Amino acid sequence: MGKSGMAETPQGRVFLTVHVPPPRLVITGAVHISQALAHDGEARRLRCHHRGSTDGLCSGERFPDVTVIADWPDAALPPLAIDHYTAFVALTHDPKIDDPALMHALARDCFYIGGARLQ
């Protein structure tokens, strides 16, 4: 993505071209709503990454055309270089997975952080 245009600076008018990375969607959890959200993210051309525990629910069969890594947040999230261009959603409903994942996202200034916890 890029945007170009003229800007006024103290030194005069300049032409700027700004390039930013495409937004990404990172989902933690392999619950049913994750399947719909991952599909919706792909429809909007967001790059989806799915994180969940190694319980068998986090599989390529359940999440076709989505990058799936079945690992714990402390191992799966750091290599992703999550940043301000990342939307992060925690949906495992398990604090031992969601909480460290949310802390990771908060520390990296994601443009959106959300989740759902069933009680």
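Heads up: the structure comes first, above all this text.
What you see is a predicted model; the values in this text were computed from it and never measured. (Residues numbered from 1 in each chain as written. Predicted model: local features only at pLDDT ≥ 70, side-chain atom pairs only at ≥ 80, totals over all residues. Heavy atoms only, no water.)

Things to note about the pairing of strand β6 (residues 86-90)
Counted only if it meets this: Here the term buried applies to any residue with accessible area under 20% of the maximum for its type, exposed to any over 50%, and partly exposed to those in between, with areas from a 1.4 Å probe on protein chains only. Runs of E in the DSSP output that reach at least two residues are strands. Runs of H or I that reach at least four are helices, and both are numbered from the N terminus. Strand pairing requires that DSSP identify at least two bridges connecting the strands. Handedness is read with the strands pointing away from the viewer; a crossover is right-handed when the path from the first strand over the helix to the second is clockwise.
Among the five residues of β6, five are classified as buried, and the element is accordingly described as predominantly covered. Alignment of strand β3 (residues 24-28) against β6, held across five bridges, turns out to be parallel. Following the sheet pairing, T28 is matched in β6 by A90. Of the crossover connections in this fold, the one passing from β6 over helix α3 (residues 95-107) to the parallel strand β7 (residues 112-115) is right-handed.

With respect to unusual backbone geometry
Although it is not a glycine, H93 sits at a positive phi angle of roughly 65 degrees. Among the structural elements, H93 can be located in the loop between β6 and α3. Residue D109 is not a glycine yet carries a positive backbone phi of 60 degrees.

Comments concerning the environment of L77
Within the element layout of this structure, L77 appears in the loop between α2 (73-76) and β6. For L77, a relative accessible area of 1% translates into the label buried. Sequence separation between L77 and A101 is 24 residues; the distance between their C-alpha atoms is 7.6 Å.

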